[in-house]
Every structure is written in C-alpha cells, then in structure tokens.
Amino acid sequence: QVQLVESGGGLVQPGGSLRLSCAASGSIFSINTMGWYRQAPGKQRELVADIRRIGSTNYADSVKGRFTISRDNAANTVYLQMNSLKPEDTAVYYCKADHRSRLSTRYLDYWGKGTLVTVSS
C-alpha cells in the first residue's frame, strides 16, 4: 500500500502564492506519474498538473504560466508552486501517484485526502 499526504494549503489573497507538497510513503517500489488535481464546490475534479518520473510535465491551460510542478524522486515527493493565485483557483487540491509493486506489471492510482486552498480577500 502507498499513502499520500498533502500539505501547504490555506487561505491566501488574490495575487498571492502557495506551495503544496505531497509525500508518498509505504511499500513503494516504482512511482511513475505524480500529479495534482483539484475539485471546486459543485464541479468535477480536474487535472491541474502532472509530472513523469523522467521530468516531463503537463499543465491545465488555466494554470499555465502561474503554477509549476516539480518532484524529488529520491524523496517520493511532488510539489506545486502556485503563483498569481485567483479566486477561481479555490478548491480542494488532491495529489495522485501511479505506483507499481515489485510483483506486478500494472500501475495503480493512489490518491491523497486533499488540502484546501482558498483564494479570497
């Protein structure tokens, strides 16, 4: 089993910055893609950004140029630096990682419990 724990959420004013962290722990063998998703009230969960083990990244159009995803493979940790935050960025942010155990060829998705980001004056 793999556990993901997010941290770094909170209340910030429009135009401000926050940095989210997500650390994976447990029986880790191989993690490929790690990513951040968000879910605003009354909306579906959506991809914010993800990053493969080799470092290639993917961003939602709404956050390009404002958010930066990065990871520390040795620490099994992924980060999301969020700048120029807008009220519409308010959501619960979830971390996801796809992990393969030593005895399997399949990657399974694991999710964190989420951290709330509120952008408001």
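Remember, it's a predicted structure, so these values are computed and weren't measured experimentally. (Residues numbered from 1 in each chain as written. Predicted model: local features only at pLDDT ≥ 70, side-chain atom pairs only at ≥ 80, totals over all residues. Heavy atoms only, no water.)

Peer 1: Would you explain the overall build of the protein chain in this entry?
Peer 2: Of the regular secondary structure elements, the protein chain holds 0 helices and 11 strands. Listed by position from the N terminus, the elements making up the protein chain come as β-β-β-β-β-β-β-β-β-β-β. Here the C-alpha atoms of the protein chain give a radius of gyration of 14 Å, agreeing with the 14 Å that 2.2 N^0.38 yields for 121 residues. Summarising the internal contacts of the protein chain: among those between residues at least 6 apart in sequence, 54% fall at separations of at least 24. Roughly 6700 Å² of accessible area belongs to the protein chain as shown, and the carbon and sulfur atoms make up 46% of that amount. Here the protein chain contributes 15 positively and 9 negatively charged side chains, and the mean placements of these two sets differ by 5 Å. (Helix = DSSP H or I, 4+ residues; strand = E, 2+ residues; numbered from the N terminus. Rg over C-alpha atoms; globule rule 2.2 N^0.38 Å. Contact = heavy atoms within 4.5 Å. Areas by Shrake-Rupley, 256 points an atom, 1.4 Å probe, with all protein chains shown as cover. Lys, Arg positive; Asp, Glu negative; His and termini not counted. Charge placed at Lys NZ, Arg CZ, Asp CG, Glu CD.)

Peer 1: For this particular structure, what's the right way to read the state of the cysteines?
Peer 2: Disulfide: a covalent bond connecting the sulfur atoms of a pair of cysteines. By the definition in use, this model includes 1 disulfide. Here Cys22 connects covalently by a disulfide to Cys95, the sulfurs 2.1 Å from one another. Judged by the sign of its S-S torsion, about -80°, the cystine formed by Cys22 and Cys95 is left-handed. Highlighted residues: Cys22 in strand β3 (residues 18-26) and Cys95 in strand β9 (residues 91-100), separated in sequence by 73 residues. (Disulfide = S-S within 2.5 Å.)

Don't take any of this as a statement about function, it's just geometry.
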